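Residues per chain, in single letters:
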Amino acid sequence: MIRSYCTCRKTPFPLFDINILGATDEQLLRISRELNIGLSLQEMKHVHAYFKKKKRNPTDVELQTIGQTWSEHCFHKTFKGKIHFEGKEIDSLFKTYIARVTDELSPPWCFSVFEDNAGIVRFDKNHGIAVKVETHNHPSAVEPFGGAATGTGGVIRDILGVWADPIACTDVLGFGPLDFDYKKLPPGVKHPRYVYTGVVAGIGSYGNNMGIPTVNGAICFDESYVGNVVVYCGCVGLLPLRKFRKNAKPKDVIVIAGGKTGRDGIHGVTFASAELTEESENVSRPAVQIANPIEEEKLKRAINEIRDIQVASSITDLGGGGMSSAIGETAERFECGATIKLDKTPLKNLGMAPWEIYISESQERMILTVPAENLDKILEVFAKEDVEATPIGELTRDKVLRIDYGDERVAEVDISFLFDPPRTMKTAKYDPTNIGEPNFPEPKDLTEVLLHLLSSPNIASKESVVRTYDHEVKGKTVLKPLQGENGGPNDASILKPLEDSWKGIVISCGINPNYGKIDAYWMAASSIDEAVRNNVAVGGRRIALLDNFTWGNPEKPERLGSLVKACMACYDIAKAYETPFISGKDSLYNESPLGPITPTLLVTGLGIIPDIRSAVSMDIKAPNNAIYIIGETFRELGGSEYYRTKGFLGNTVPKVRPEKAKKTFHAITKAIDLGLMEACHDLSEGGLAVSAAEMAFAGGYGIEIDLKKVPTETQERDDFILFSESNSRFLVEVSSKAKDDFERQMKGTVYAEIGKVTKTPRLCISTTNGKVIVDASLKNLQTSWKRTLSSEV
Amino acid sequence: MKKEEINVCVLRVGGTNCDAETKQAFEELDVRARVVHLNEIIKQRNLLEYQALVLPGGFSYGDYVRGGAIWAKLLLAKLGKELKAFVDENRPILGICNGFQVLVEAGLLPGFEGASTYPEATLATNVPPGYNCRWISIKHENRGKCVFTCKIPRGKTLHVPVAHSEGRFLLPKEKEDRLLQRLYDNDQIVFRYCNKDGEPAKGRFPLNPNGSFHDIAGVCNPEGTIFGLMPHPERAFYWWQQPDWTRQDRVPESGDGRPILESLISYLENKS
């Protein structure tokens with residue numbers, strides 16, 4: 001503690017006044033640094049001015065509260081701030097590119113977007129679906145198991161925070177190569193294999209223990225993830241819309257419920273808003289919380305009951321920033337103030353300072369506001385479930401936050417000041433990467449190339465991970481992450497949430513980090529396309545999107561430049577696809593001694609299917625059925641797995657052609673509704689050859705393909721057609737009797753019949769004059785696909 | 001007993017998480033089922049108002065000691081008398097996954113000589129280790145004692161999912177052969193892991209998903225009224241829960257787990 005700037009009050013607990021009024025700029029910065037509140041000079045000066053008007057110094061509680069509320073993690077300063085870019089000023093990336101899609105489309109089925117813990121769309125007349133995806137990169141880098149587990153725990157609470165019952169989880173992960181050379185590992189960075197096992201176990205333990213199926217996800221491997229692991233945890237919930245209550249008012253009692261408050265998770269958000277360093281391990285370990293999923297399971301039961309009997313006036317979870325963020329946001333949202341009796345908080349540790357209590361991010365806690373007359377009822381419900389719940393204050397009419405500890409007032413700040421930090425002005429610049437397209441001869445043995453691709457970690461089966469997650473609990477999983485006995489990779493998962501309805505929820509995702517090394521715009525566009533086409537492939541439509549950015553330090557103009565580009569793509573493509581964004585989250589400052597992270601945008605797609613009985617899986621069903629390709633193949637191999645296995649990056653990154661793509665998606669949806677398709681699989685990493693192989697071994701039958709029939713823009717080399725990753729494409733299996741009807745539906749799209757299903761269990765691809773270029777047994781293909789990660793967990 | 005009179009108690013504690021689908025499955029069979037918290041039933045002392053007791057899957061109290069151990073002790077300590085009366089009246093008790101672990105930890109299964117004061121078997125950590133969620137095949141091997149399979153022909157293979165990390169059924173090593181013989185003599189073996197065609201898994205993963213001794217997936221007590229199994233029949237209840245429904249020409253009307261619950265109802269209907 002910086003004694004020289006602090007005056008200790010004569011209280012029976014630690015409380016300090018921080019002398020900022022007499023501080024120079026340099027001292028202000030030092031105070032920010034030493035209190036670990038992560039405020040910039042501009043922000044510290046703003047604080048200074050505020051307290052100067054109040055003619056007093058702030059307490060440590062106040063400064064910490066301000067630090068938490070204004071952190072990048074809680075306030076999203078980069079997305080809300082102003083940015084200079086290419087001679088123009090962008091006033092909030094979020095408003096200009098993300099929220100604008102939703103505003104302009106304003107679909108009637110969006111119930112609540114961006115304003116709450118999770119986005120909510122309508123499911124049927126009475127029910128809504130809530131969905132949220134969180135990033136938990138920083139804590140997972142320091143403590144993989146705890147970081148990932150609390151990531152899942154946190155996002156489940158976001159769903160509880162909109163009164164929804166969590167019914168499914170998702171997880172999308174990014175790791176460094178598992179065979180990364182130990183000698184190249186800088187101090188303070190954990191080996192990818194250690195991080196991988198820890199993260200996977202952490203996610204599984206939370207979801208499994210809470211009895212929420214983990215149904216969708218992806219795992220990417222990239223060198224830039226060695227120093228910064230990527231952990232996205234998502235959760236989907238179901239809620240009766242009539243019971244959605246957020247109408248708190250002054251005099252409502254504030255109740256904290258769930259786990260006790262402890263020293264785990266102090267300064268989590270400050271830590272998450274900074275770069276990782278060699279010291280992170282030692283300095284930031286306390287920032288990682290400790291998970292107890294059973295506590296949250298009980299909490300869930302109680303909250304569901306409280307929702308059903310409608311006795312609370314609002315709810316929110318305690319996540320980043322702990323009480324400081326949850327109570328402040330609640331007061332702000334309902335245009336109230338709040339008075340908190342901090343000493344009433346149930347604690348894990350004795351001797352915690354008030355500021356620690358107020359910003360602790362200990363897990364499994366929620367804040368509810370309750371009309372005073374309902375307090376006893378609510379406490380009774382919590383007691384029944386063995387959940388501790390304690391009234392700790394009330395909302396007030398004036399818009400002031402007052403915190404007392406015993407008889408001592410430890411903080412008194414205007415809510416309006418707390419939620420009006422100085423806006424940042426950042427500079428962004430974008431220089432297109434200047435990487436050449438590689439020039440190499442076509443390999444002689446393309447079968448070998450295909451087998452190699454199937455075993456590349458990004459494409460290889462993730463079965464060894466997926467099976468450690470319960471994806472069946474609740475008995476609502478209609479289309480599972482792994483299809484059938486051979487565990488084929490389904491494009492999306494489908495849930496049937498209601499007993500008395502055939503309507504289903506379709507969950508998909510899209511992520512293409514490798515493209516981000518070439519062009520952030522097309523990376524983002526491709527991720528949206530992938531999320532949408534995966535959803536469409538199984539029968540999803542009316543798709544809502546979630547955006548999760550994982551980026552480097554936005555103070556660096558070129559990092560911010562690529563972020564701006566990606567946001568532009570979000571607007572362009574999502575608008576064209578008529579897929580509104582309903583929620584999102586960003587994790588910036590992902591930099592380590594190894595450098596910045598590859599710009600990574602995860603797009604999650606949430607669609608519906610009117611009748612789950614028409615869902616289509618990706619495994620081929622019967623010999624002699626026809627195989628069609630829908631969509632055009634371009635020479636787009638920049639950032640492809642094919643190039644990567646050859647050691648190239650290239651520059652011909654896949655583009656998105658929204659008008660054509662939309663036609664394709666509509667045609668597929670119609671064909672699915674008419675029952676014209678036996679199987680459907682999207683084309684992504686590894687292109688046509690990999691998709692065909694996956695469909696074949698998942699179904700147990702062979703496929704014959706004539707490559708010359710594949711629609712391409714220009715004459716291309718066979719290997720380019722086989723492995724190009726052009727967007728918006730599907731492989732479809734159609735029975736011979738449905739072919740005419742199917743082709744009628746495909747009118748107006750680019751499509752071609754390119755082969756058929758065979759009884760012989762081989763994938764056989766031929767080219768000009770019937771020359772066979774790929775010929776492999778299903779067993780061989782499947783073994784290559786399964787062996788890479790089979791024993792990693 | 002008339003169907004309308006049947007009331008199934010689906011008991012839960014903190015960490016139980018398969019109660020809703022279990023209840024739903026019973027209701028689908030036109031009997032009443034209620035999810036009851038252990039706290040409530042301890043307070044009301046009304047276990048005997050129910051005709052059947054189900055301990056569903058989950059992670060009771062986090063399973064921080066051993067799967068089912070905490071719940072088992074609490075059950076005996078707080079509800080021991082009622083439970084004994086329940087068992088003595090041959091009222092059926094079903095333990096699924098975590099519920100099976102509880103029944104073993106509580107000494108109710110295998111229950112060679114009635115309820116034992118210590119666990120006579122265990123559901124140990126899987127081999128290969130770790131949580132595993134997959135669909136497997138089990139073969140019905142009971143000769144007629146088990147009331148939970150009275151409507152399932154002997155030798156029939158069922159396709160059902162497992163999802164657990166502690167499911168390896170073991171008997172004390174030194175008495176293994178003798179006790180196995182006893183299980184057979186008493187007709188206590190109900191389900192064994194097998195391949196699609198009903199041939200024994202012989203310990204091979206993933207056919208036998210946890211390394212269970214003698215491929216044992218489910219056992220009952222000598223009376224056949226207490227039954228525990230690791231697979232989840234309630235998750236294999238509807239046709240659309242099956243992993244391969246999209247490739248079946250003629251989709252069956254229901255999943256393979258359903259007859260287990262139907263058998264229970266049928267037993268109760270025939271019970272005086």
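Residues numbered from 1 in each chain as written. Chains lettered and ligands numbered in written order. Predicted model: local features only at pLDDT ≥ 70, side-chain atom pairs only at ≥ 80, totals over all residues. Heavy atoms only, no water.

Caption draft 1: Spotlight on the overall build of chain A. Across its full length, chain A holds 27 helices and 35 strands. For a compact globule of 793 residues, the expected C-alpha radius of gyration is about 28 Å, and chain A comes in at 27 Å, within 12% of that figure. Overall, the C-alpha framework of chain A stretches about 90 × 55 × 45 Å when taken along its three principal axes. Split into buried and exposed, the 793 residues of chain A put 68% on the buried side. Taking as baseline every contact in chain A between residues at least 6 positions apart, the subset at least 24 positions apart corresponds to 82%. Accessible surface for chain A amounts to roughly 26,500 Å². Of this, 49% is attributable to carbon and sulfur atoms. If the 95 positive side-chain charges of chain A are averaged to one point and the 105 negative ones to another, these points end up 2 Å apart. (Helix = DSSP H or I, 4+ residues; strand = E, 2+ residues; numbered from the N terminus. Rg over C-alpha atoms; globule rule 2.2 N^0.38 Å. Buried < 20%, exposed > 50% of the residue type's maximum accessible area, 1.4 Å probe, protein only. Contact = heavy atoms within 4.5 Å. Areas by Shrake-Rupley, 256 points an atom, 1.4 Å probe, with all protein chains shown as cover. Lys, Arg positive; Asp, Glu negative; His and termini not counted. Charge placed at Lys NZ, Arg CZ, Asp CG, Glu CD.)

Caption draft 2: Quick peek at the sheet that holds strand β10 (residues 216-220) of chain B. All names here are of chain B. Read across the sheet, nine strands follow the order β2-β1-β3-β4-β11-β10-β9-β6-β7 without closing on themselves; strand pairing throughout is mixed. Each edge of the open sheet carries a strand with a single partner, namely β2 (32-37) and β7 (157-164). Recorded for the sheet is a direction-independent mean angle of 25 degrees between the axes of neighbouring strands. Relative to strand β11 (residues 226-229), strand β4 (residues 93-96) is paired through four bridges, and the arrangement is parallel. Its bridge partner being in β11, isoleucine 93 is matched across the sheet by isoleucine 226. Of the strands in this sheet, β3 (52-55), β4, β10 and β11 touch helix α4 (residues 98-105), which is tilted by about 120 degrees from β4. (Pairing = 2+ DSSP bridges. Axes fitted to C-alpha atoms, helices over the stretch in contact; angles between N-to-C directions.)

Caption draft 3: Looking closely at the interface of chain B and chain A. Taken together, the contact between chain B and chain A spans 32 residues of the former and 44 residues of the latter. Together, the buried faces of chain B and chain A total about 3,000 Å²; carbon and sulfur atoms form 48% of this surface. A per-residue breakdown of the area chain B buries against chain A is headed by B:Cys133, B:Trp240 and B:Arg247, which together make up 22% of the total. Linking chain B with chain A are five salt bridges. B:Asp19 is the partner of A:Arg301 in a salt bridge, and the nearest nitrogen-oxygen pair spans 2.6 Å. Viewed at the interface, chain A and chain B are joined by 24 residue pairs in polar contact (both at pLDDT 80 or more). Contributions of two or more residues to the side of chain B that touches chain A are made by α1 (19-28) and β6 (132-140) of chain B. Top element by residues in the side of chain B that touches chain A is β6(B). It accounts for four residues. Among the residues forming the side of chain B that touches chain A, the class breakdown is twelve nonpolar, twelve polar and eight charged. (Buried area = accessible area lost by both parts, 1.4 Å probe. Salt bridge = Lys/Arg side-chain N within 4 Å of Asp/Glu carboxyl O. Polar contact = N/O pair within 3.5 Å; in protein donor to acceptor, adjacent residues only side chain to side chain. Nonpolar A, V, L, I, M, F, W, Y, C, P; charged D, E, K, R; others polar.)

Caption draft 4: View of the environment of B:Val162. Residues and elements named next belong to chain B. Within the element layout of this structure, valine 162 appears in strand β7. Its relative accessible area of 0% is what places valine 162 among the buried residues. Residues valine 162 and proline 233, spaced 71 residues apart in sequence, show a C-alpha to C-alpha distance of 9.2 Å.

Caption draft 5: Region of interest: the sheet that holds strand β24 (residues 541-550) of chain A. Residue and element names in this part refer to chain A. The strand order β19-β22-β23-β28-β24-β25 describes an open sheet built from six strands, whose pairing is mixed. Each edge of the sheet is formed by a strand with only one pairing partner; in this case those strands are β19 (477-479) and β25 (581-587). If you compare each strand with its neighbour and ignore which way they point, the axes differ by 25 degrees on average. When strand β23 (residues 504-510) meets strand β28 (residues 600-609), the two strands line up antiparallel, connected through seven bridges. For cysteine 509, the partnering residue across the bridge sits in β28 and is threonine 604.

Caption draft 6: Molecular detail of the pairing of strand β15 (residues 389-396) of chain A. Residues and elements named next belong to chain A. The element β15 is largely enclosed, with a buried count of six among its eight residues. In terms of strand pairing, strand β11 (residues 253-258) meets β15 through five bridges, oriented antiparallel. If you follow valine 253 over to β15, its bridge partner there is glutamate 394. With four bridges joining them, strand β13 (residues 337-341) and β15 adopt antiparallel strand pairing. Directly across from threonine 339, in β15, lies its bridge partner glutamate 394.

Purely geometric numbers; function is a separate question.
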